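Listed below are the residues making up each chain.
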Amino acid sequence: MIRSLILGALLLGLPFAAAAQAPAGPVPVGTVLARREAIGKTADFVGRVEAVQRVDVRARVSGWLEAILFKDGQKVAKGTPLYKIERGQFQAALGQAQGALLRAKAARELTIIQLDRAEELYRRQAGTAVARDQAKAADEQAQGQILSDQSALQTAQINLDYTTISSPIDGQVGRTLVTVGNVVGPDSGVLTTIVSIDPMYVSFPVSQRDFLQAQRSGEGDASKIKIRLRFVDGTEYPELGQVDFVNVNVDRATDTILVRGTVPNKKGQLVDGQFARVQLLIGEPQQKVVIPQSALLADQGGVYVFVVEDGKAVVRRVKPGGEHGTDVIIDSGLEGGEQVIVEGLQALRPGAPVTARPVAGSLERR
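Treat the numbers as computed from the prediction; the structure is a model and nothing was measured. (Residues numbered from 1 in each chain as written. Predicted model: local features only at pLDDT ≥ 70, side-chain atom pairs only at ≥ 80, totals over all residues. Heavy atoms only, no water.)

(A) Representation of the overall build of the protein within the structure. A tally of helices and strands in the protein yields 4 helices and 22 strands. Out of the 366 residues belonging to the protein, those deemed buried represent 34%. Partitioning the contacts of the protein with sequence separation of at least 6, the portion at a separation of at least 24 is 76%. A total accessible area of about 20,800 Å² is found for the protein, and carbon and sulfur atoms account for 51% of it. (Helix = DSSP H or I, 4+ residues; strand = E, 2+ residues; numbered from the N terminus. Buried < 20%, exposed > 50% of the residue type's maximum accessible area, 1.4 Å probe, protein only. Contact = heavy atoms within 4.5 Å. Areas by Shrake-Rupley, 256 points an atom, 1.4 Å probe, with all protein chains shown as cover.)

(B) Expanded view of the sheet that holds strand 6 (residues 81–85). Here 4 strands make up an open sheet; going across it, the order is 7-6-4-9 and the pairing antiparallel. For this open sheet the edge positions go to strand 7 (164–166) and strand 9 (183–184), each flanked by a neighbour on one side alone. Alignment of strand 4 (residues 63–68) against strand 6, held across 3 bridges, turns out to be antiparallel. Within strand 6, the position partnered with Ile68 by the bridge is Tyr83. (Pairing = 2+ DSSP bridges.)

(C) Structural view of the pattern of salt bridges. Counted under the stated rule, the structure contains 16 salt bridges. Arg277 is paired through a salt bridge with Asp44; the nearest N and O atoms lie 3.2 Å apart. Taken together, the positions of Arg277 in strand 15 (residues 275–292) and Asp44 in strand 2 (residues 35–51) put the pair 233 residues apart, joining distant regions of the chain. Here Arg124 and Glu120 are joined by a salt bridge, their closest N and O atoms 3.0 Å apart. Here the salt bridges share partners, and the residues they tie into one network are Arg35, Glu37 and Asp327. (Salt bridge = Lys/Arg side-chain N within 4 Å of Asp/Glu carboxyl O.)

(D) Spotlight on the sheet that holds strand 3 (residues 54–57). Across the sheet, 4 strands lie side by side as 3-10-8-5; this open sheet has antiparallel pairing. What marks the edges here is a single partner per strand, and that holds for strand 3 and strand 5 (75–76). By the bridge criterion, 2 bridges tie strand 8 (residues 171–173) to strand 10 (residues 192–195) in an arrangement that is antiparallel. Among the inter-strand pairings, Gln172 is bridged to a residue of strand 10, identified as Val195.

(E) Region of the structure containing the environment of Gln287. By the secondary structure assignment, Gln287 is in strand 15. For the pair Gln287 and Glu37, spaced 250 residues apart in the sequence, the C-alpha separation amounts to 5.2 Å. Not counting residues within four places of it along the chain, the set of residues in contact with Gln287 comprises Arg36, Glu37 and Ala38.

(F) Spotlight on the nonpolar core. Grouped together as the largest cluster of nonpolar side chains are 22 residues, with contacts concentrated most on Phe204, Ile227, Leu229, Val263, Leu270 and Leu280. Secondary-structure elements contributing two or more residues to this core are strand 2, strand 11 (200–207), strand 12 (226–230), strand 14 (256–263) and strand 15. Those residues within four positions of Phe204 in sequence are excluded, and the remaining contacts are Phe45, Val46, Gly47, Ile227, Ile257, Leu258, Val259, Gly261, Val278 and Leu280. Within the second largest apolar cluster, 21 residues are counted, among which are Phe70, Val76, Ile169 and Leu191. (Core = buried A, V, L, I, M, F, W, Y, C linked by side-chain atoms within 4.5 Å.)

(G) Up close: helix 2 (residues 88–123). Across its 36 residues, helix 2 extends 53 Å between first and last C-alpha, which sits within 8% of the 52 Å expected from 1.5 Å per residue. Among the residues of helix 2, Phe90, Leu94, Ala97, Ala100, Leu101, Ala104, Thr111, Leu115 and Ala118 are the ones counted as buried. Contacts made by the buried residues of helix 2 are with helix 3 (129–161). With its phi angle positive at about 60°, Gln125 sits one or two positions after the end of helix 2. (Expected span 1.5 Å × (residues − 1).)

(H) View of the packing of aromatic side chains. Scanning the entire structure with this criterion turns up 4 aromatic pairs. Here Phe231 and Tyr237 contribute two aromatic rings whose centre-to-centre distance is 6.0 Å and whose plane-to-plane angle is 85°, an arrangement assigned as edge-to-face. Positioned over the ring face of Tyr122 is Arg132, at 4.6 Å from the centre of the ring. Over the aromatic face of Tyr201 sits the side chain of Arg260, whose NZ or CZ is 3.7 Å from the ring centroid. (Phe/Tyr/Trp six-rings, centres within 6.5 Å; stacked < 30°, edge-to-face > 60°. Lys NZ or Arg CZ within 6 Å of the ring centre and 35° of its normal.)

(I) The arrangement of the packing of helix 2 against helix 3 in detail. For the pair helix 2 and helix 3, the least separation of the axes is 8 Å and the interaxial angle reads 165°. As judged from the angle between their axes, helix 2 and helix 3 are roughly antiparallel. The element helix 2 and its partner helix 3 pack so that their crossing is left-handed. Residues that form the contact of helix 2 with helix 3 fall into these classes: 22 nonpolar, 9 polar and 7 charged. (Axes fitted to C-alpha atoms, helices over the stretch in contact; angles between N-to-C directions. Parallel < 35°, antiparallel > 145°, perpendicular 65-115°, else oblique. Left-handed = near helix turned anticlockwise from the far one by under 90°. Nonpolar A, V, L, I, M, F, W, Y, C, P; charged D, E, K, R; others polar.)

Here's what the structure looks like:
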């Protein structure tokens, strides 16, 4: 951005010699005070925002889709019903399982009586060991049948419960991919997707050299490294995040290591899958001079700005040190507090008298 502004200034012909035809009277200009801010060293990367939790919702039983219980894009809590599948056949299966369990329990009561009778006859020597053993085996078979029928009843109840498909997490539901009236089941694919909202992950590849430098600045603890996000339109995300994971291996194809940060997202500004510029905030912030990028000019001698001194436009050669939002950091040439001219530059020449007025927003920058 800074480079393009400088190139534009050169193409517009803003060197000192070209300004010789400026009017002799005071030139009205707009100014902004150069301000000092605590700014840390940064390293920029390109990352992708990811939801901490992402669930593809599927049907676990087959049946006719009876109802859709949400609106596309709706925020849902864990356990919120999303879809309903027809229940008739599953209620019938549950009834059959309940009946089978009752029959098994009744059969068990009979085998208990028969076993008691066979043991009593054997003690009296009126029955045989074979008859007793047969009664015992029948009783154990009856117990096994009860366990089997209890499991079948549990399965039938689970299948019936699956006819209501609920959200497994808190989050935001996407658009539904099926409509009422379709037959859905385990093989019918994803019905919709739910993603968690707050917090969000942002993952980005970092060269080994850059990350080692950042890690040393964070006293060896990656969790102390803060991150700042900037959207593709250049606006800055207001919340800072922090590194929470560094991958255990290096990508041999790119010689980078995948780093992940966690960023608060209470207002839902971050969206799963979007790209963002990621800044690692390295080391302790230092006081730097910051001015608007619109103040920068360039000629064959380098980059300069006009400042107001004693009612005149004075040239200050500066060394830009990188972007800071919509502003630019000045490494040398300004001390802070100067009235930097940002409007009326086309009519200026060095030493020209000026009438300065603060531009909109300059008071907020003090």
